[in-house]
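Residue-level structure breakdown
Each chain, written out:
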Amino acid sequence: ANAAVAEASDARGGGVHNSGTLRAHGSRLVGNAARSIMGAAAGGALYNAGGDGGATLIEAVIEANEAVSDYGDARGGGVSSRGNLTVHGSRLVGNAARSSSASAQGGALDVRSGSAHLHGTLLANSSVDAPTGAGALLYITNGTSAVYVLPAPLGRWLSGALECTEADCAGAWI
């Protein structure tokens, strides 16, 4: 387990902070934390800053990670992405975003910009805990393009797809 800790600034990427190109196959990011006292906390396991190539996770396990802030926002207990993100055949389970006094979004996955493509990926048993919170499993903000080919949030594997574009998913969460 690793931690990105900051007192007066933002904490990003408790396990991995990607600002270039990341391709991970069969990786396990378990028990990591992004913690901030005064600033925002983002990406308990992975913070994808949106570099040249973005991040690709294949058959990854992102589990029991957290983004925690005492006085700032907490985003993406498992993964927080600001760039292109592709996740295939992976599990984002048991992650949490928590803030004592601000907002928390995306317990499993927070997508702020760029694009996100999830295929055969399970988002389950994650949470947000804050005075203002949204998207225990997935939070998508304005200007983001996302394709999520599901399993159902509760772990039942189903076929189907949800496509979100800037026009129809602005500020949406699941």
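Just so it is clear, the model here is predicted, and its values are computed rather than measured.

Parameters at a glance
Residues numbered from 1 in each chain as written. Predicted model: local features only at pLDDT ≥ 70, side-chain atom pairs only at ≥ 80, totals over all residues. Heavy atoms only, no water. Patch = residues over 30% accessible without salt bridge, like charges linked within 9 Å, V, L, I, M, F, W, Y side chains within 5 Å. Areas by Shrake-Rupley, 256 points an atom, 1.4 Å probe, with all protein chains shown as cover. Salt bridge = Lys/Arg side-chain N within 4 Å of Asp/Glu carboxyl O. Helix = DSSP H or I, 4+ residues; strand = E, 2+ residues; numbered from the N terminus. Pairing = 2+ DSSP bridges. Contact = heavy atoms within 4.5 Å. Buried < 20%, exposed > 50% of the residue type's maximum accessible area, 1.4 Å probe, protein only.

1. Observations concerning a nonpolar patch on the surface
A grouping of I37, M38 and Y71 is seen on the molecular surface, where their side chains present a nonpolar patch of about 320 Å² in accessible area. If you trace the backbone, Y71 turns up in the loop between β11 (66-69) and β12 (74-75).

2. A closer look at the sheet that holds strand β17 (residues 103-105)
What the 5 strands build is an open sheet, ordered β2-β7-β12-β17-β22; its pairing is parallel. Two strands close off the open sheet at either side, each with one partner strand: β2 (11-12) and β22 (132-134). The pairing of strand β7 (residues 41-42) with β12 spans 2 bridges and is parallel. Considered in β12, the bridge of A41 is made with A74.

3. Notes on the environment of A60
Within the secondary structure, A60 is located in the loop between β9 (54-58) and β10 (61-63). Residues A60 and H25, 35 residues apart in the sequence, show an inter-C-alpha distance of 6.4 Å. Leaving out residues up to four positions away in the same chain, A60 has contacts with S27, G89, S90 and R91.

4. Re the pattern of salt bridges
Counting across every chain of the model gives 7 salt bridges. With a shortest N-O distance of 3.0 Å, R12 and D10 are connected by a salt bridge. Taking the relative accessible area as the measure of exposure, R12 reaches 38% and is therefore partly exposed. A relative accessible area of 38% places D10 in the partly exposed class. Residues R91 and E63 are paired through a salt bridge, measuring 3.8 Å at the closest nitrogen-oxygen approach. Of this pair, R91 sits in strand β15 (residues 91-93) while E63 sits in strand β10, placing them 28 residues apart in sequence.

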